[in-house]
Each structure stands twice: as structure tokens, then as C-alpha cells.
Amino acid sequence: MSGSPDLLSTLIRYSWLHLRFQHPSLAAHPDSSNSNVVYTVPDSAEALNEWASRTFTMEFDAQSANEVIPTIAPAADARLYYVPKSSELLLHTAHWRMDGVGGLLPLGQLVDLMVSHADTLLSGKLPDPFDSFHWGSEVARLAPPVEEAGNMPLTATDEQKAVAHAAVGTFALAADALGVPYTGDFSTVPSGTRAAELTFSPATTSAAVSAAKARGVGITAAVHASLAAVNFRHAIAEHQGRHYTSTIKQSLRPYLPEPYSTPAAAAGLYTSGWLARVDASGTWVENARMYQAEYQKGISREYLQAHWEYASTLVEVIKNLPTPTQPPSDIDISSMGIMEKYLEREYGTPERGFGITHAGVGVEMLSRQGVVFVWTFRDQLTLRLVYNEAFHTPGQMTEFLHDIQADLLKQLQVAE
């Protein structure tokens, strides 16, 4: 996005306040016990403006959002940053508040609000946001936990318990799995989150997607198989021969009733998943087809109804996990699929609007592990590997991504 920095700052801030009314969970935060979420209805224009001043920041000195991410400290509410030098908007929020899809949807809605308010701003007649809404009515849109949104029973049947415990049982596959080399030792403390990113050309993306389809798998399963291969290749020397365990992430949103299956419930955490294992002896095709089968499982009605049992059991399992002899340091995966499901390429008109040239997601990493986020936007496949700079170097992570790309194109017999 481009234009006068002052006008853009005003427009973004104004639209951010409107977005808060649509998604009040952006301003909700845990209480001192961390057992309840608190939301305070603004009782004056001053209170609303104070929230905006606290949660929206213009990053004039940063060259890009990647420079801002490592500097962000934990905060009670969601935060929005605008980087004028790169024309980037960055939404930062706690993961308990929303998932990856839930982060993309509000950004698209924010840009849409900016388009709708642009003419009013240029005319110099922006009404006060406090006077524009019936503040207090927005509490009806506070995002409930997924169990409430999906009307999931708190008491599971024997069948539901079996489904839940089978999914939780996959987390045992993380034991004795391989890791990749990292800097430091068990006592090394984490620092800032960094990212390495690699984008395929539209032509290479199209060829890779078609080649994967010809082999009976989607591009996510294909990337997953190559990610497994590169984890094996880069494994710590003593880990040679160990298996590789990674996450199969599933969005619960399509399976929830309205409005929780719609963009109106963007600010919610509606995701689930389990772990899957492959061995070094497996071929790329075998692994890709296994991953494809796991992704295709989707979410069954039985799984959805068992989710309370799944979540509560998983919490107990995690609480009682023994301390590992060596911290996990594998590189995992999270696929966002086709970004255009959540973001438009263009908002408004060519004469009066904004174009989204790049979109991405990430997560703050405090462990020695990394996560490769996978998506396509504007017909280009992108791999973004997020990691903590205390444990990995940019060169190491960039090499890792290039190795995934090389393995993927080799297995699919696609030339760059």
C-alpha cells in the first residue's frame, strides 16, 4: 500500500478501531489467574483512543516487518504495526486468541475497511469511532472456546474417548525422534524469532502442483515428504537412523456451525491436529502418499465431538511429560493452503484501493525447533521457515529451505 504516511497512519488507526468493534477478542486478555478472559467495554472516546495508541504502532525506522518481529514483547491485547518503508502491515497476537487463518482474515477485513473509509478521510469528515457504534453490543461477538462454538459435549462417550485418546496417543511418536543441529546447549536461552523465506515462480509452482497431482498427492503432502527427507539429511550425527515425527494440522473452522465457520469469527483458535511418523527407510513417494492420506482424513464428526476429551487429555499428557535428555530440534510444517481463501489480491478499485502483493504467517519460536509455513498466493508457492536466532543461523535455515526446494523439484521432475 502506498500514499501519504500521515494519511495512511490515520486511515489504518481509524480502521483498526472499527476492526476492534467487529472482533472484540482483539482487546480481550487473560486475568491474573490465567483461567478467565477479560474484556473491558470502552466507556469514552478517550478510553478507545488510549487503546488505539497502545496497540497500533508506526515502525518508521524498520526496513521490513522481519526487523520488527524479533523486537516484539508479549502484550495483553493484539498489536498492529505498519512499516512505511516496506508498506507492510503486521498483526501480532497470542496464539490462544487466534490461529493462522484467524490472523489472515482480520487483516483482509482491515484493508477492506481502509478502502471504505478512504473517501471520508480525504473529505476531512471522519466521525469519531466511539460515536459510530453502540459500544457494549460487541461483547456478543467475543470468540468462545472451540468446544462451546462446536457444541461439543463435556462428557465423552466410550467411542468418543477412543477417538480422542487415539489422536493424543500420536504425541508419543515424538519420543526419540530426530533433530537437526543447533547452537548452544540445554541451558542456552532463546532470543528473537527470525525467518528464512523462499518463493517459487508462478511457472515452477504450476508445474510442481500438476506433477504432485499426477502422483496422487497435493502440493502440501509433497512439500511435507521433501521436508522429511531434508530433516533426515540434516539430522544430528547421533540421530542417524531415528524416525522423523511432524504435525498434521487441521482447521476445525469448516466443521463448525455459523458464525464460527465464517470470517465473522476470525478472532478465534479453531484448529487441531495430531502427529505422524516416517522412517528413514521410506521412499519419497511412500511418505508423500502417507501424508496425503493423513491430510485427507479431515475432521470426522466423532473427532469433533471428542475434542473436549482430546484437549483435556492432551493438556494432562503434556504436563506430565518427562524432561527429554536432549531438547527437540526438528523442523516441522504448517500449511495455510491457498491464501486467496482468506485474502483478496485487490481491495477497492485500481483508482481507489489497495493491492496485496505479498502475504505470510509465522509464529514466535522459543525452542530449538523450526516450522516451515507453506502457502500459495498470487500463484506462487512460498516456504517460510521460522526459527529462534539463538539456536540457528540465517545461513543454516536458508540452506535448509533450498534443500527442500531442490528435493521437491527433483522428486516431481520439475525444472526451475
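Every chain's residues receive numbers from 1 upward, in the order its sequence appears when written. Only residues with pLDDT of at least 70 get local features here, since the model is predicted, and only at 80 or more are side-chain atom pairs given and counted; chain-wide, interface and lining totals rely on the full set of residues. Derived side-chain values reflect all non-hydrogen atoms in the structure, with water molecules and hydrogen atoms excluded from consideration.

S.K.: Where do I start with the overall build of the protein in this structure?
M.R.: Across its full length, the protein holds 13 helices and 13 strands. Taking 416 residues into account, the globule formula puts the C-alpha radius of gyration at 22 Å, and the protein, at 22 Å, falls close to it. Should any heavy atoms of two residues lie within 4.5 Å, those residues are counted as being in contact. Expressed as a percentage of contacts within the protein between residues at least 6 apart in sequence, the contacts between residues at least 24 apart total 75%. For the protein, the exposed surface amounts to about 19500 Å²; the carbon and sulfur share of it is 53%. His is not counted, nor are the chain ends; Lys and Arg add positive charge and Asp and Glu add negative charge. Lysine's charge is taken at NZ, arginine's at CZ, aspartate's at CG and glutamate's at CD. Looking at the protein, you have 28 positive and 44 negative side-chain charges, and the mean spots of the two groups are 3 Å apart. For helices the rule is a DSSP run of H or I covering at least 4 residues; for strands it is a run of E covering at least 2, with both sets numbered from the N terminus onward. C-alpha atoms define the radius of gyration in this analysis, and the globule rule sets the expected value at 2.2 Å times the number of residues to the power 0.38. The protein chains shown are the only cover counted for residues, whose accessible areas, like all others here, come from Shrake-Rupley with a 1.4 Å probe.

S.K.: Would you explain the side chain of Thr247 in this entry?
M.R.: Mapping Thr247 onto the fold places it in strand 7 (residues 244-251). Within the structure, Thr247 has its side chain in polar contact with the side chain of Asp332 (distance 2.4 Å). Apart from residues no more than four positions distant in its own chain, Thr247 is found in contact with His224, Trp274, Leu275, Tyr295, Asp332 and Ile333. Under the rule applied, a polar contact is a pair of N or O atoms within 3.5 Å (in protein, one hydrogen donor and one hydrogen acceptor; residues adjacent in sequence only if both atoms are side-chain atoms).

S.K.: How should I be thinking about a negative patch on the surface in this particular structure?
M.R.: Together, Asp43, Glu46, Asp128 and Asp131 make up a negatively charged patch on the protein surface. For Asp128, the location among the structural elements is in the loop between helix 4 (100-122) and helix 5 (129-132). By definition, no residue in a patch forms a salt bridge, and every one has over 30% relative accessible area; like charges are joined within 9 Å, nonpolar side chains (Val, Leu, Ile, Met, Phe, Trp, Tyr) within 5 Å. One speaks of a salt bridge when a side-chain nitrogen belonging to Lys or Arg is within 4 Å of a carboxyl oxygen belonging to Asp or Glu.

S.K.: Explain the pairing of strand 13 (residues 380-388) to me, please; I cannot follow it from the model alone.
M.R.: Successive residues of a regular strand alternate their side chains across the two faces of the sheet. Taking burial as the measure, the nine residues of strand 13 include eight buried ones, the bulk of the element. Strand direction decides the pairing type here: strand 6 (residues 193-199) and strand 13, joined by seven bridges, are antiparallel. Bridge assignment links Ala195 to a residue of strand 13, and that residue is Val386. Strands are treated as partners if at least two bridges between them are detected by DSSP. As paired elements, strand 12 (residues 370-377) and strand 13 share seven bridges and run antiparallel to each other. Within strand 13, the residue paired with Thr376 across the bridge is Leu381. Linking two consecutive strands that pair antiparallel, namely strand 12 and strand 13, is a turn of two residues; a positive phi of about 50° is found at Arg378 within it. Buried residues are those whose accessible area, probed at 1.4 Å on protein chains only, stays under 20% of the maximum for their type, while exposed residues exceed 50% and partly exposed ones sit between those limits.

S.K.: What's the story with the sheet that holds strand 5 (residues 88-92) in this structure? I'm lost.
M.R.: Hydrogen bonding along the main chain pairs the strands of a sheet, whether they run parallel or antiparallel. Reading across from one edge, 3-4-5 is the order of the three strands in this open sheet, with mixed pairing throughout. Pairing within the sheet leaves two strands with one partner each, and these edge strands are strand 3 (56-58) and strand 5. Averaged over all pairs of adjacent strands, the angle between their axes in this sheet comes to 20°, without regard to strand direction. The pairing of strand 4 (residues 79-83) with strand 5 spans five bridges and is classified as antiparallel. Residue pairing in the sheet places Tyr81 in a bridge with Leu90 of strand 5. Those strands touched by helix 2 (residues 45-55) are strand 3 and strand 4, and its axis lies near 50° from that of strand 3. Think of each axis as a best-fit line through the C-alpha atoms, taken over the contacting stretch in the case of a helix, with angles from 0 to 180 degrees between the N-to-C directions. Relative to the sheet, helix 4 contacts strand 4 and strand 5, its axis offset from that of strand 5 by approximately 135°.

S.K.: Looking at this structure, I do not really get the nonpolar core. What am I missing?
M.R.: Most often, soluble globular proteins keep nonpolar side chains buried together rather than apart. For the purposes of this section, nonpolar cores are sets of buried Ala, Val, Leu, Ile, Met, Phe, Trp, Tyr and Cys residues that join through side-chain atoms within 4.5 Å. Counting 60 residues, the largest nonpolar core has Ile219, Val223, Tyr291, Val372, Ile404, Leu408 and Leu412 as its most contacted members. Element by element, the count of residues in this core is highest for helix 9 (residues 219-234), at nine residues. When near neighbours in sequence (up to four residues on either side) are disregarded, Val372 contacts Leu227, Ile331, Asp332, Ile333, Ser334, Leu383, Arg384, Leu385, Leu401 and Ile404. In this structure, Leu8, Trp16, Leu121 and Phe354 belong to the second largest nonpolar core, which totals 50 residues.

S.K.: Just to check I follow, could you spell out unusual backbone geometry for this structure?
M.R.: In terms of backbone geometry, most residues other than glycine have negative phi values and most peptide bonds are trans. Going from Glu258 to Pro259, the amide bond is cis rather than trans, its omega being 5°. Along the chain, Pro259 falls in the loop between strand 7 and strand 8 (271-278). Positive phi is not limited to glycine here, since Asp176 has a value of about 60°. Mapped onto the elements of the fold, Asp176 is located in the loop between helix 7 (158-169) and strand 6. Residue Asp176 is classed as exposed on the basis of its relative accessible area of 60%. Although it is not a glycine, Asp379 sits at a positive phi angle of roughly 65°. Along the chain, Asp379 falls in the loop between strand 12 and strand 13. Take Asp379: its relative accessible area is 48%, and that puts it in the partly exposed class.

S.K.: Can you walk me through helix 12 (residues 307-319) in this structure?
M.R.: Every α-helix carries 3.6 residues per turn, so stepping three or four residues along brings you back to the same face. For a helix, the expected span equals 1.5 Å multiplied by the number of residues minus one. Over its 13 residues, helix 12 extends 18 Å from the first C-alpha to the last, a length consistent with the 18 Å expected when each residue adds 1.5 Å. Buried within helix 12 we find His307, Glu309, Tyr310, Thr313 and Leu314. The arc enclosing the buried residues of helix 12, seen along the axis, measures out at 150°, which places them on a common side. Buried residues in helix 12 make contact with helix 6 (146-149), helix 7, strand 8 and helix 11 (301-305). Directions from the helix axis toward the C-beta atoms define the arc.

Such coordinate-based values are descriptive only and should not be taken to indicate function.
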